[in-house]
Structures are given as structure tokens and as C-alpha cells.
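# Residue-level structural notes
Residue-level listing of the chains:
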Amino acid sequence: MNKSMQHQRMGVVVIGQSPRPSIAAEIAAVLSPGITIELRGALDGMSRAEIDAIPPMDGYDTLFTLLPDGDGVVISKKEVEMRAGQQLARLRHQGIEVSMLACTGKFPNLAPDGLVILPSAVLHHTVEAILPKGRLGVFSPLPEQTALIGNKWQREGVEVVGVTLRPGSGEAAVDEAARTMAALRPDLVVMDCMSYTSANKARVRLSYSGPVILAIAAAARVVEELVS
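Residues numbered from 1 in each chain as written. Predicted model: local features only at pLDDT ≥ 70, side-chain atom pairs only at ≥ 80, totals over all residues. Heavy atoms only, no water.

### Some thoughts on the sheet that holds strand β9 (residues 188-191)
- If you walk across this open sheet you meet the 4 strands as β8-β7-β9-β10, and the pairing is parallel. Of all the strands in the sheet, the pair left with one neighbour each is β8 (158-164) and β10 (212-214). Looking at each pair of strands side by side, their axes are set apart by 20 degrees on average, direction ignored.
- Of the strand pairs in this sheet, strand β7 (residues 134-140) and β8 are connected by 7 bridges, and their pairing is parallel. Paired with F139 across the strands is V163, a residue of β8. (Pairing = 2+ DSSP bridges. Helix = DSSP H or I, 4+ residues; strand = E, 2+ residues; numbered from the N terminus. Axes fitted to C-alpha atoms, helices over the stretch in contact; angles between N-to-C directions.)

What follows is the structure in C-alpha cells.
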């Protein structure tokens, strides 16, 4: 790929609002030096009251995100999908050819132009490649998501076990969730939210000695291949 200035920028659309310096920092830690991250939020321009007015309809429509002030909110995937598509289109119009949607949910109605990395697809295909059979452990932000984890991850030969861990939790909560996961004895663990951090992964590894996939790092490594 030609290394023009266009290819030295990547777009990121978070499902909440910008800025999200922690998200940008986690992605930058994976990318080659000199690649600029242009980050936008699907809910940019909305007031807190407007965000609170788009709750999920059910567990399948549920997304969790952290706002720039650190508050966690539960929002409708359908609403996010529409608004994220608009932000991806704006990035494309600005000449950014590779973007990433910073969410591990599935968005079947999202059909953006250009190269857009969807972390859900990256995670699923990665897990399929390295765990053809066995027990898969999945961290999810909300109990509603953990309850549906089998529907998202189940396939023949794979048993799925889930533990809820809210992003932004303190070390004690992360340690407790990690011990709970370790007791379930999974062969592989996926941290299935883009708001989980490398620091969270490091604490999980204190209790669980097996392999752990951090969603944001896995997706960013694919972007690195496209823009470097």
C-alpha cells in the first residue's frame, strides 16, 4: 500500500462521545510511530439528557460505553449504529481511508464505504482460528450481555462461560472478576469490550495464566497492517 499522508491517518469512531484519550492511547500503543488517530464519537453533539433518552429496547439492543467524564451509560445499539455510520462517512469524506468502529457489538445494518475494521469480526475469526474446540471465557460489561453470551459466541465444540466486568472498575473488582473467571477454567479468555484496557488484562493475568485476547489491541493490530 502506498504510504501517502492519507495512509498515515486512521479513523476511530467510539460508540459514545469524544474525546476518549484512553481509547486513543490503547490503539496508539499498537500502531507504528507517526500514525495519527482521528477519533470521533457516535454521540458527539448530544446532551446528557439526549443520551439518556436512547435506552436499549432489550438485551440484544444493549451497549455500554464510558463518556469522557468517566460516567458509564447503557444505550441503544440501533441508535448508535445509525449515528456511527454518519461519523464513518464523515471520516471517509475527509480522506481517511481506514477506520475502526470501537465496539465489539455486531452491526448488521452498518454498510460504510472504504475499509472499516469491525472488532467483532476480528475477535470471532481470531478465536475460531486458535480455539477450534474447548472452553471460551468471555468478559462482558453488563449482566444483560453476559446472559446472552452463548448466543454471541457459541459454536459446535466450544463451551462458553461468561463473567461480568464493568469497564472502569477498580483493581479490586477486576481481581475478583479474574478469580471468578479462573475458577471456570477456560482455555482462552476474550475481553469483549473496547473499553477494557491493557492494565485490565495485566491484572486478569495475575489470576488466570492462560491466553487472554484484549479486544482493542486485537482490532488495532489489524489496522496496523493496513496503514503502516
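### A few points about the nonpolar core
- Counting residues in hydrophobic clusters, the biggest one holds 52 residues, and the most contacted among them are M10, I27, L136, F139 and W153.
- For this core, the element with the most residues is helix α9 (residues 215-227), which contributes 8 residues.
- Residue contacts for W153: discarding those within four places in its chain leaves L123, H124, V127, L136, V138, V160, V190 and D192.
- Formed by 21 residues, the second largest nonpolar core is a distinct cluster that contains V13, I15, A84 and L110. (Core = buried A, V, L, I, M, F, W, Y, C linked by side-chain atoms within 4.5 Å. Buried < 20%, exposed > 50% of the residue type's maximum accessible area, 1.4 Å probe, protein only. Contact = heavy atoms within 4.5 Å.)

### Overview of the packing of helix α7 (residues 171-183) against helix α8 (residues 198-207)
- At a minimum axis distance of 8 Å, the contact between α7 and α8 shows a crossing angle of 45 degrees. Taken together, the axes of α7 and α8 are oblique relative to one another. Our pair here, α7 against α8, has a crossing hand that is right-handed. Contacts between α7 and α8 pair E171, V174, D175, A178, R179 and A182 from the former with N200, R203, V204 and S207 from the latter.
- Residues of the contact of α7 with α8, tallied by class, amount to 4 nonpolar, 2 polar and 4 charged. (Parallel < 35°, antiparallel > 145°, perpendicular 65-115°, else oblique. Left-handed = near helix turned anticlockwise from the far one by under 90°. Nonpolar A, V, L, I, M, F, W, Y, C, P; charged D, E, K, R; others polar.)

Geometric values such as these leave the question of function open.
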